[in-house]
Every structure is written in structure tokens, then in C-alpha cells.
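# Examination of the molecular architecture
The primary structure of each chain is shown beneath.
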Amino acid sequence: MNLKNILLRKGYTRLKLKKINTNHFELKAKLNGIKGRFILDTGASNSCVDINLAEKFKLEVKDSDTKAAGAGAIGMETKISSQNVLELKSWKYNNCHIVLFDLTHVNTALVEHKASAVDGIVGADILEKGKAIIDYKKRCLYLKKLKYKF
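Calculation notes
- Residues numbered from 1 in each chain as written.
- Predicted model: local features only at pLDDT ≥ 70, side-chain atom pairs only at ≥ 80, totals over all residues.
- Heavy atoms only, no water.
- Pairing = 2+ DSSP bridges.
- Helix = DSSP H or I, 4+ residues; strand = E, 2+ residues; numbered from the N terminus.
- Axes fitted to C-alpha atoms, helices over the stretch in contact; angles between N-to-C directions.
- Buried < 20%, exposed > 50% of the residue type's maximum accessible area, 1.4 Å probe, protein only.
- Core = buried A, V, L, I, M, F, W, Y, C linked by side-chain atoms within 4.5 Å.
- Contact = heavy atoms within 4.5 Å.
- Polar contact = N/O pair within 3.5 Å; in protein donor to acceptor, adjacent residues only side chain to side chain.

A sheet is described by the order of its strands in space; here 3 strands give the open sequence β1-β11-β10, paired in antiparallel fashion. Strands with a single pairing partner mark the edges of an open sheet, and in this sheet they are β1 (12–16) and β10 (133–135). Sheet twist, expressed as the mean angle between neighbouring strand axes with direction ignored, is 20°. Across 5 bridges, β1 lies against strand β11 (residues 140–144) in antiparallel orientation. Across the sheet, K16 pairs through a bridge with C140, a residue of β11.

Shown next as C-alpha cells:
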């Protein structure tokens, strides 16, 4: 039995990943029902969306004291949005927290490497929540489906 069959039997969802010119993996997601393009970043502690896209993704934004750093930029102002619905194929997270900040530096780097700009980043918070397993050889991400009590 292969990894795919074992994980699907254990309640995981399989998502295909697209490798882009920067060697990042890109994936499609829905945030509050709106489709977007995201990169997968295991080194990002939180999942993020470009602050200029708050309205597009119907995010209720609140001020945050946290400063963001990464990809050569430090001390960036952030906002926070709670209670969002993130869908990655059939995997769904109903209480997703999103950090918002200016992703211009990320998208500039992507475009300079002839990759398309992205709406945001799927980070370690989602990977941990979904007990993620990344199959680099087959370019796919497995996330364990969440169970909700009603």
C-alpha cells in the first residue's frame, strides 16, 4: 500500500502543489468563499494575506501590535482577522486566523523570478492544524480533515 492510500484512509485530504520558478509550492485556496493563489511556506509561523486584499476576501480586520518579518523585510505593521473559513480542496478550517500585512516585497521577488504574484501565504499554523504531510517527490500536501462539534 502506498502513502497516498494510507493517508486517504486515515481521513486526509490530498492537495496538488505546483512548483513555481522560485522553488516555492503554489496552491489554490478559498478564503471566506473567495478563490485565491497562495504559496506554501513551512517557515512562516502564520498564514498571511496581503493587506490590500482584505476587502476582496471579506476579512474583518483589527489592529495588531505584532510586527512581521520575513523575506528580507522586518518591522512591518500587521493587522489580524479572526473567524475566517479557509478551504483547501475538501479540507476546511472554520476558525482561521489570518495575519495581514503588505506583501509587496514577496510579490516583487516572485515577479522578478518570472512567477506570478500571490494573494497570500499558507504557513505553519495551517500545517500544524491539519497535521500536514508534504510529499515533495509527488508534489502534494496532505491535511487531516478537522472534526467539528455542533
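Glancing now at unusual backbone geometry. Backbone geometry at K58 places phi at a positive 55°, although glycine is not the residue there. Take K58: it is sitting in the loop between β5 (48–50) and β6 (62–70). Residue Q83 is not a glycine yet carries a positive backbone phi of 55°. Along the polypeptide, Q83 turns up in strand β7 (residues 73–88). What makes Q83 exposed here is its relative accessible area of 65%.

Membership of the largest hydrophobic core comes to 24 residues, with the highest contact counts inside it found for L40, L86, L88 and I126. Among the elements of the structure, β3 (25–31), β4 (34–40), β7, β8 (91–101), α3 (124–129) and β11 are those that each provide at least two residues to this core. In terms of residue count, the dominant contributor to this core is β8 (5 residues). Filtering out sequence-adjacent residues up to four positions away, L40 remains in contact with L17, H24, F25, L27, V122, L127, I134 and L141. Counting 13 residues, the second-largest nonpolar core is a separate cluster that includes I39, A44, L103 and V106.

In this section: the side chain of E26. Mapping E26 onto the fold places it in strand β3. A distance of 2.3 Å separates polar atoms of two side chains, one belonging to E26 and the other to R37. Excluding residues within four positions of it along the chain, E26 makes contact with K16, L17, K18, I20, R37, F38 and I39.

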